[in-house]
Structures are given as structure tokens and as C-alpha cells.
Amino acid sequence: MSTPVPFLLGLADDALVTAQRLGWWISRAPELEEDVALANIGLDQLGQARGLYAVVAELEGAGRTEDDLAYLRGPAEFRNVLLVERPQEDFAVCVVRMLLLAAWQVEVYAALAAREGPARGVAAKAVKEVAYHLDHAAQWVLRLGDGTPLSHERTRAALEAEWPHLPELLEPDATAPVDPATLREAVLGRVLPVLEQATLTVPPLPAAPPTGGRAGHHTEHLTDLLAQMQQVARAHPGATW
Amino acid sequence: MDRSTTVEPRDPMPEGYRRTLVRQIAQHAHSEIIGMQPEGEWISRAPSLRRKAILMAKVQDEAGHGLYLYAAAETLGTPRADLLEALHAGRQKYSSIFNYPTLTWADVGAIGWLVDGAAIVNQVPLCRCSYGPYARAMVRICKEESFHQRQGFEILHTLARGTAEQRAMAQDAVDRFWWPSLMMFGPPDADSPNTEQSMAWGIKRFTNDELRQRFVDIAVPQAEALGLTLPDPELRWDEDRGHWHFGTPDFAELAEVVAGRGPCNADRLAHRVRAHEDGAWVREAAAAHAAKRAAREPAA
């Protein structure tokens, strides 16, 4: 019988890495209201990661805690998609990425919430949160895509950079409680109308889109991200915080 | 001034009263948003997921406080954009405390315990300030600040009972933040030009020195509970006065920091200005999009 652990760990790592990237924006957002909103979304993602780590730890039964999973694994043990680990210090990248990720998370969490399973409770709460993230991202993509010529150009460039990372989210995984490949139409059904309304053109996909995150093959950006995130915890082995 | 009712936005008020309020509320709002930086830098490095979530929520609260306070200032006819411009140009100040660096995780604890603790002592009387919108904003802010203060105390409490290194980290943070926290109450009363008028107007209820003493009286037993030392050799209980006697903060240092020559003034302001400038294209896009939508709406 297959175990949902690798799949849930991937979902949790997506959320933690996203929270870590969003944390950067707090004090750097274009408006104070957006500092609040991005912090809120980051907190939701962090909460989802924690909930899923608790489920994973329980299923593993090896006595690992959420902090062991977050702080004591190296980059090769992380299972997040490449989409979320890359830097996002451009607001257009931030919202385009959020649109793609949230469109996927909404479908995954809805599917998990609809069936019996260890992550049902976490997913039922998360699906409401990511519906808000999706709406927030869609509103911004619309404003930026259909705003000024400059904002349109920056959003077009952001979409070109993020779009090739969508296929990794939709790769088939027959062992997962929800096979991501089955979500393809639903995810595109959420994203494409937003892009169209934002006057953005869907870029062509490369012949071989980037992949590997779910197998632990990451970019150097994840190494940097984890070095910073784990720095204090690792400098004091066994300490309580 | 009649102390039984509050002054509301449409009420007539002396020009000096309005000016003083705008100056004070703006400085307070600026302190909230600049204050996001020293702690915000530790969100990425918080040593547990629980601490990360608490810190993220705390810094988010500070952004929220900034929003309420800018809104309170707007009721006096001063738009947020003008106040931000004054901050960015260095014409308006923010609390001197945020010009000190946060060097270790324990600093997050020290800021919560001492800096937010001092802020509460300063701000609780403002909940009864004569200007209604400011007083009401302060009621909400003080509730959240008290949660912030407790989380800071709890961080230090955990560190003080942790490994030798954690304990040393906690003591070092308290050593560095104690005196700057006392300076948060401003110059001594004898050198505080605005105090008398602000008290007459009911904007301020207690003098700088009264509030500083109140803070020391609260903090000393808390330091004992933590098992940490406060870096003041003069600290002793004064039986006659019924207060803790403490040494004199280095007010020359405070004057330097207020004048823009503290350890982090340039970095803090540059960070804020960069965020504002980097976000200009986003704000312009939002305005352009809103205008397009309005133009597309059928005429009423």
C-alpha cells in the first residue's frame, strides 16, 4: 500500500518555502496594506506547513517534530517544487507566482478535503485560505497586467519566468492521494481567464520544463534559503526556543 | 481644556493643538512602520516554526498599527502620502530605539520585553488622550502591544533557562537594549520643550520622567523573574520614594540618535525609501487600472 508521506511532505515544503519567501516582503511591500496582506498569506502558508508536518510526523512514527522537519533536513531532502524556491524580490513575480501556486493549492486541498485521509482536516482549513490567496493574486495580476505599459511589461516578463514552472506542479504521481496530473484542467481553468482579462498572453512552454524538486533536485536558491532559515536552530543543537 | 469629553474631527480646535497632534501621531505611525525592520529581519531566521509564526504576526500587527495611526492623522486633514514624504525626507522623526541594531535572536525577545514594554507605558495614558480618533486607535494598539510584550518576555525566559550560550545571548541583548529603552521616554522633563503645552491640551497625561520611572518600577521585578541583570550599577530600591532609583541615561547619545547619527538611522531610512520607490510602479499601475475600470463603467 502506498503511503501519502512523500506527497504531503512536498505540499508542506511548498508552503514553508513560500512562507519564507513572503516573509521577505514584510516592510518592503509597495503599500502598507500589502505588507499586511502578504504577511497574512505568509502566515497561512506557514500554518499549512505546520499542520502538514504534524500529519507527516504522525504517519512516519519516527518521533520527528515539525521543527526537525523544517530545520534539520538539507536541501536534497526537501520536496518542494522549483517554482517556490526561486527569489521573488519583484512584486510582479510575487503575484504571478502566487496565482499559479494558489490555483494549484486550491484544487489539491479541495480534493484532499473531500476524501477520508490523514490530511483532511488540514486541507479543509487550507482550502479557504488559499482561495483568498488566489483572489488576492488574481486582483493584482489584473491591475498590473492591465495597468500602465511598464506594469504590463513587468508582469509579462514575470509570467514568462514563472510559467515554465507550472508543469512540475502537474506531474503525474500515481501513488499520491490526489494525482496532480488529474488537476490540470481545473488549474488552467482558474489561471487562464485571469491572464486573459489582464491582457497577458500565455507564453509557450519549453520542450523540457524545469523539474526535479519533488525528487530533491533543487536550484542553488534553496540552499541559500535554508542556510538562512536554519542558521540559528543549527548553531544550537538540541536547544529549546 | 474640558477633560470630560473628547475632541472629534469636525470639532473646532486650536491650530497649535492640531499641529501638535499631527506631529505626534505621525511620529508614532512612522515608528510602527520603521519598527517593522529590526524584527522583520529575524522572521527568516526564527529558530522554530512557532516562533516564526508569532514573529510574523507581530510584525504584521505593526503594519496594522501604522495603518490605524495614519488613518487617525488623516482625520486631521493630513494624507498618509504627505506624512510618508515627510518621513522619507527626514522632516519627521520616528522612535530613536529603532536605530539600534538587532544582532541576535535574543534581541527579538529584548525588543518585545523592553521596547514594547516601554511603548505600553507611554501609550496606555494615550487611550485617554483628548483627541477621540487617536485615543480609540490607541485602545486597540495597546491590547496588541501587551501580547507583543509577553511574547518578548517569554522568548527571554526560555533563553535564560536554556544552554549557557542562549543565556549569554539573552543577557547581552538586555545589556544593549536597556538604556536605549529608557531613552524612549524622551529627554528629561527640564529639557522637554513640548511637555507642558501637550499636558495642558490633554494630549499627554504624564511627564517623560514620570513615565520613565513607572517603566523602571515595572521592569526591575520582571528582570528578577527572568534571572537577568539590568546593566545599571546605581539600581536600588528607594524606600523613601517607594520607587526604584536608577542611573541617568546618556541623553547626549539620545540627542545624537535623534539628530540622525545613531547606529542604524541611515540604513532604516534607506530601506523605507527603497521600498517606497520600488513600489511606485505598482501604485501607479493600481491607479491606472482603477481609472480604466471607471472609464469602462457605463455613465450613471
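All figures in this text were calculated on a predicted structure; none of them were measured in a lab.

## Concerning the overall build of chain B
Within chain B one finds 12 helices and 2 strands. Its C-alpha atoms give chain B a radius of gyration of 21 Å, within 12% of the compact-globule value 19 Å for 300 residues. For chain B, the residues scored as buried account for 56% of the 300 residues in total. A separation of at least 24 residues holds for 78% of the contacts in chain B among residues at least 6 apart in sequence. Of the roughly 12900 Å² of accessible surface on chain B, a fraction of 55% belongs to carbon and sulfur atoms. Taken together, the 35 basic and 40 acidic charged side chains of chain B have centroids lying 7 Å from each other.

## Overview of the interface of chain A and chain B
If you look at the interface, chain A gives 48 residues, while chain B gives 47 residues. Interface area, chain A with chain B, both sides summed: about 4100 Å², of which 65% is carbon and sulfur. Counting the surface chain A buries against chain B, the share from its top three residues, Ser27, Leu32 and Trp241 of chain A, is 18%. At the surface where chain A touches chain B, the tally comes to 5 salt bridges. One salt bridge connects Lys292 of chain B with Asp146 of chain A, and the closest N-O pair in it is separated by 3.0 Å. If you tally residues by element for the side of chain A that touches chain B, the top one is helix α2 (residues 32-60) of chain A, at 11 residues.

## Description of the packing of helix α6 (residues 120-145) of chain A against helix α12 (residues 280-296) of chain B
Direction vectors running N to C along α6 of chain A and α12 of chain B enclose 85 degrees, while the axes themselves pass 7 Å from each other. Between α6 of chain A and α12 of chain B, the crossing angle belongs to the class labelled roughly perpendicular. Counting all contacts with α6 of chain A, which are made through Trp140, Leu142, Arg143 and Leu144 of chain A, the residues of α12 of chain B involved are Trp281, Val282, Ala285, Ala286, His289 and Arg293 of chain B. When the residues that make up the contact of α6 of chain A with α12 of chain B are grouped by side-chain class, the tally is 7 nonpolar, 1 polar and 2 charged.

## A look at helix α4 (residues 80-88) of chain B
Given 3.6 residues per helical turn, the α-helix brings residues three or four places apart onto the same face. All of the buried residues in α4 of chain B are Arg80, Leu83, Leu84, Ala86, Leu87 and His88 of chain B. Looking at the buried positions of α4 of chain B, the neighbouring elements they touch are α2 of chain A together with α1 (15-34), α3 (49-74) and α11 (265-278) of chain B. Positive backbone phi, at 80 degrees, marks Gly90 of chain B, one or two positions downstream of α4 of chain B.

## Brief notes about the side chain of Asp217 of chain B
Residues and elements named next belong to chain B. Note that Asp217 resides in helix α9 (residues 208-226). Summary of buried charges: Asp217 has no salt-bridge partner, and the nearest side chain of opposite charge, Arg241, is 6.6 Å away. Only 2.9 Å separates the side chain of Asp217 from the backbone nitrogen of Trp244, close enough to count as a polar contact. Beyond its immediate stretch of four places on either side in the chain, Asp217 contacts His243 and Trp244.

## Describing the nonpolar core
Counting 172 residues, the largest nonpolar core has Tyr53 of chain A together with Trp105 and Tyr131 of chain B as its most contacted members. A total of 19 residues in this core trace back to one element, the largest contributor, which is helix α5 (residues 91-113) of chain A. The residues touching Tyr131 of chain B, leaving out its near neighbours within four places in the chain, are Val7, Glu8, Pro9, Met13, Tyr17, Leu21, Ile25, Ala72, Thr75 and Leu76 of chain B.

## Some thoughts on unusual backbone geometry
Residues and elements named next belong to chain A. Positive phi values are uncommon outside glycine, yet Ser27 reaches one of about 95 degrees. Tracing the chain through its elements places Ser27 in the loop between α1 (5-23) and α2. Of note, Thr199 is a non-glycine position whose phi angle comes to about 60 degrees, a positive value. Structurally, the position occupied by Thr199 is in the loop between α9 (184-197) and α10 (220-235).

## Side note on the packing of α3 of chain B against helix α5 (residues 105-123) of chain B
All names here are of chain B. Closest axis-to-axis distance for the α3/α5 pair is 13 Å, and the angle between their directions is 45 degrees. As summarised for this structure, α3 and α5 are arranged oblique, according to the angle between their axes. For the pair α3 and α5, the crossing hand works out as left-handed. Here α3 contributes Arg51, Leu55 and Lys58 to the contact with α5, which in turn contributes Trp105, Val108, Ile111, Gly112 and Asp116. When the residues that make up the contact of α3 with α5 are grouped by side-chain class, the tally is 4 nonpolar, 1 polar and 3 charged.

What counts, and at which threshold
Residues numbered from 1 in each chain as written. Chains lettered and ligands numbered in written order. Predicted model: local features only at pLDDT ≥ 70, side-chain atom pairs only at ≥ 80, totals over all residues. Heavy atoms only, no water. Helix = DSSP H or I, 4+ residues; strand = E, 2+ residues; numbered from the N terminus. Rg over C-alpha atoms; globule rule 2.2 N^0.38 Å. Buried < 20%, exposed > 50% of the residue type's maximum accessible area, 1.4 Å probe, protein only. Contact = heavy atoms within 4.5 Å. Areas by Shrake-Rupley, 256 points an atom, 1.4 Å probe, with all protein chains shown as cover. Lys, Arg positive; Asp, Glu negative; His and termini not counted. Charge placed at Lys NZ, Arg CZ, Asp CG, Glu CD. Buried area = accessible area lost by both parts, 1.4 Å probe. Salt bridge = Lys/Arg side-chain N within 4 Å of Asp/Glu carboxyl O. Axes fitted to C-alpha atoms, helices over the stretch in contact; angles between N-to-C directions. Parallel < 35°, antiparallel > 145°, perpendicular 65-115°, else oblique. Nonpolar A, V, L, I, M, F, W, Y, C, P; charged D, E, K, R; others polar. Polar contact = N/O pair within 3.5 Å; in protein donor to acceptor, adjacent residues only side chain to side chain. Core = buried A, V, L, I, M, F, W, Y, C linked by side-chain atoms within 4.5 Å. Left-handed = near helix turned anticlockwise from the far one by under 90°.

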